Amino acid sequence: MEGLLTARKVNENVYWVGAIDWRIRNFHGYSTERGSTYNAYLILADKVTLIDTVKAPFKEEMLSRIASVIDPRDITYIVSNHTEMDHSGCLPQVLEAVEPEKVFASIMGVKNLSEHFHLSREVTAVKDGESLSLGNLELSFLETRMIHWPDSMFSYLVEDKLLFSSDGFGQHWATSERFDHEVDRSELMRQAAKYYANILLLFSPRIDRLLAKVREMGIAIDTIAPDHGLIWRNPSDILQAYDRWSRQRARDKALVVYDTMWHSTETMAVAITEGLSQEGVSVQMMDLEDNHRSDVITELLDAKAVVLGSSTLNNGMLPRVADLLSYMKGLRPAGKLGAAFGSYGWSGEAVKLINEALEEMKFDVVDPGVRSKFVPTHGDLERCVELGRGVARAIKVGD
Ligand code: FEO
């Protein structure tokens, strides 16, 4: 591909020189149904600077894009905002090819790069608030520890009011377009919400504090250049969304999520959904056979309640329900209401086990749940409708 790929101009000083991964469909259990990008950026300052690199197999793609603008050996500095392999995987090879004067990373970044790559060359640590002169331009650094790794940091190009936001504000979405205004806005926000829900949700308190700190510092941000997906030239929507998501603000919406063996638990789900709907709550019913765990978590982002159903299998819950609960627990959703339901043949532990898992995650379990033996009777289904109505009333009490 040498000599064929091009960089994309972000502004007079900055070029996108990343890679497009059209094929990836799974990112650590997150379904990337539309692929992803690994963004790297070239700053054409007096000291030419590369911000981040790409996943190892995409090294040639990045170097080819850089070569469309400058000779890669003209790069003076490399800044590594984050050690994870999708952004630093090819760093050792790029260091060999480019031989920059200096490499910069956060204090934890220096440690992580050393532990990952056992680099022989020095990496210079930069502190929170520290600035680096690129000659005619200035780069400053903002430590974002545990958003989402201990080493994570943002870099800010002062003159251009451009924030290189590492994994913050990203989306897993492979596109030929590079900027937010070039794509469908609702799909862009959906992909950004999915990314937040599945990668950043558990760091919400830190993100809330970071946003407050940036507001206090009065940093003007005209452009946000994340390490995945589209570049935000109009960042107000995504900044407002992060403000809402980081405070885990939800609306009058419930999810009815279930897995079923012979459709009895599914029939119960329909009745519960009806009860929620009758009370005017927006409800999304999701069968785990058809819906990926990461799409359920995306819907959970702005939902106040989850009603979770499983048939009982071998004295436990169905595997897909256990998988969802395990994944959900790691992401630490806060301030949610919950309830459980399910059919059973003889032992019927699933509802109790789901309730325990919800309580462990600090959900407010608003009902002991509904169990139905083999096939739900009309009375069982009336009870399910009432469960849905009760969850809806609990949602509204919290308004
Ligand atoms: Fe934390 Fe996109 O890597």
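Coordinates for the structure precede this section.
Residues numbered from 1 in each chain as written. Predicted model: local features only at pLDDT ≥ 70, side-chain atom pairs only at ≥ 80, totals over all residues. Heavy atoms only, no water.

**Q** An account of the overall build of the protein is needed here, citing residue identities and associated values.
**A** Regarding its fold elements, the protein presents 12 helices and 24 strands. Projected onto its principal axes, the C-alpha coordinates of the protein cover approximately 75 × 40 × 35 Å. A total of 399 residues make up the protein; the buried ones form 58% of that total. Taking contacts inside the protein between residues at least 6 apart in sequence as the whole, the part at least 24 apart equals 72%. In the form shown here, the protein has an accessible surface area of approximately 16,700 Å², with 50% of it arising from carbon and sulfur atoms. Taking the 44 positively charged and 58 negatively charged side chains of the protein as two groups, their mean positions are separated by 3 Å. (Helix = DSSP H or I, 4+ residues; strand = E, 2+ residues; numbered from the N terminus. Buried < 20%, exposed > 50% of the residue type's maximum accessible area, 1.4 Å probe, protein only. Contact = heavy atoms within 4.5 Å. Areas by Shrake-Rupley, 256 points an atom, 1.4 Å probe, with all protein chains shown as cover. Lys, Arg positive; Asp, Glu negative; His and termini not counted. Charge placed at Lys NZ, Arg CZ, Asp CG, Glu CD.)

**Q** Before we move on, could you go through the packing of aromatic side chains and cite the residues and values that matter?
**A** Under the counting rule described, the total for this entry stands at 8 aromatic pairs. Between Phe 169 and Tyr 242, the ring centres sit 4.4 Å apart and the planes meet at 35°, which makes this aromatic pair tilted. Linking Phe 169 in the loop between strand E15 (162-164) and helix H5 (185-200) with Tyr 242 in helix H7 (residues 236-246), this pair joins segments that are 73 residues apart in sequence. Across this residue pair, the class does not change: Phe 169 and Tyr 242 are buried. Taking 5.0 Å as the distance between ring centres and 80° as the angle between the ring planes, the aromatic pair formed by Tyr 196 and Tyr 242 counts as edge-to-face. Here Tyr 196 is found in helix H5, whereas its partner Tyr 242 is found in helix H7, with 46 residues between them in sequence. (Phe/Tyr/Trp six-rings, centres within 6.5 Å; stacked < 30°, edge-to-face > 60°.)

**Q** Provide a residue-level description of the side chain of Glu 187, including the pertinent values.
**A** Here Glu 187 is to be found in helix H5. Classification of Glu 187 by relative accessible area gives buried; the value is 15%. When sequence neighbours within four positions are dropped, the list of residues in contact with Glu 187 reads Arg 34 and Trp 173.

**Q** Explain the nonpolar core residue by residue, including any values.
**A** If you look at the biggest cluster of nonpolar residues, it comprises 88 residues, and the most contacted ones within it are Leu 50, Met 62, Tyr 242 and Trp 245. If one sorts the elements of this core by residue count, H5 sits on top with 9 residues. When residues no more than four places from it in sequence are discounted, the contact partners of Tyr 242 are Gly 168, Phe 169, Gly 170, Tyr 195, Tyr 196, Leu 200, Ile 207 and Leu 211. (Core = buried A, V, L, I, M, F, W, Y, C linked by side-chain atoms within 4.5 Å.)

**Q** Residues and numbers for helix H6 (residues 204-217), please.
**A** Here H6 is 14 residues long and its end C-alpha atoms lie 20 Å apart, about the 20 Å a rise of 1.5 Å per residue gives. Buried-residue contacts for H6 involve strand E13 (138-143), strand E14 (153-157), H5 and H7. A positive phi of about 65° marks Gly 218, the residue just after H6. (Expected span 1.5 Å × (residues − 1).)

**Q** Residues and numbers for the pattern of salt bridges, please.
**A** All told, the structure shown has 29 salt bridges when counted by the stated rule. Here Glu 187 ties to Arg 34 by a salt bridge, and the two come within 3.0 Å at their closest N and O atoms. Taken as a pair, Glu 187 in helix H5 and Arg 34 in the loop between strand E5 (30-31) and strand E6 (36-38) lie far apart in primary sequence, 153 residues in all. For Arg 34, a relative accessible area of 38% corresponds to the partly exposed category. Through salt bridges with shared partners, a single ionic network connects Glu 33, Arg 34, Glu 187, Arg 190, Lys 194 and Asp 295. (Salt bridge = Lys/Arg side-chain N within 4 Å of Asp/Glu carboxyl O.)

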